[in-house]
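Here is what each chain is made of, one letter per residue.
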Amino acid sequence: MSNNPSIILVHPQLAENIGMAARAMMNCGLSDMRLIMPREDHLSAKAVSASSNAEEILYNAKVYPSTEDAIADLQFVLATTARHRDQTKMVYNADKAAALCAEKSLSGIRCGILFGPERTGLHNEDVCKADAVINIPLNPKHCSLNLSQAVLLVGYEFYKTQIDAKAEEFVTNHTHPANKEKVFGFLAFLEKELAECGNYKEGEKREKTLINLRNIFTRNPLTEQEINTLYGVVNYIKRS
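What comes next concerns the included structure. (Residues numbered from 1 in each chain as written. Predicted model: local features only at pLDDT ≥ 70, side-chain atom pairs only at ≥ 80, totals over all residues. Heavy atoms only, no water.)

Examining the pairing of strand 4 (residues 76-80)
By the criterion of burial, strand 4 is predominantly enclosed, with 5 of the 5 residues buried. On strand 4, burial covers both faces: Phe76, Leu78 and Thr80 on one face and Val77 and Ala79 on the other are all buried. In the sheet, strand 4 pairs with strand 6 (residues 111-115) via 4 bridges, with the strands oriented parallel. Bridge assignment links Ala79 to a residue of strand 6, and that residue is Leu114. (Buried < 20%, exposed > 50% of the residue type's maximum accessible area, 1.4 Å probe, protein only. Helix = DSSP H or I, 4+ residues; strand = E, 2+ residues; numbered from the N terminus. Pairing = 2+ DSSP bridges.)

Overview of the pairing of strand 1 (residues 6-10)
Across the 5 residues of strand 1, 5 count as buried, placing the element largely inside the fold. Alternating residues of strand 1 divide into Ser6, Ile8 and Val10 and Ile7 and Leu9, and every residue in both groups is buried. Bridge analysis of strand 1 against strand 6 gives 4 bridges, and the strand direction is parallel. Each residue of the ladder has a partner; that of Leu9, found in strand 6, is Phe115. Across 4 bridges, the pairing between strand 1 and strand 2 (residues 33-36) is parallel. Note on strand 2: the bridge partner recorded for Leu9 is Leu35.

Structural data, given as structure tokens:
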């Protein structure tokens, strides 16, 4: 993925949080970390350890003296904040902001996302330098996020725009979904075995029981291995 957004950490305080932010970036295919006057060394042992094998992002990170310097080469900048600011700006949620960055990146526009210090978040002086704001709607009673959590949430929304992720998938491992012939064959076998049991319901109650049984085994897909297992269970019970 080329021309991905830059992640800009403004006055980050703890080396561990910088390292964990690098880890979050690596998770989401982001690589350009920019640091504005970090309080602790982003190459310290604590930062590298917290990055969990994402240290190449730390080694390639650039340090800047000011927000203006860090975003000078960018053309579109978003500021993350949980608080409403007294500023007239477009405010996007994370997925809309990610889609916007993806669209602009495809057009060759260089984007960046600002994240504030752990204790205070971005100051208004930094927010006013951004083109728009990202707000992640969370529980209003407790909407603050750890720095790396914020990077991960925003980064993941961008990553989703770059991949074709399946919304759901039936994983069968080493077997295959059973076709209807096998399912109905097992149901016929089960109904035959039940019919041979004593005190089995007759008439309308029996039909209702059979319909309920059929629904149990047709409501969700079964694999061939599961059908074979069910045969084995019934045969074991029959021999007991």
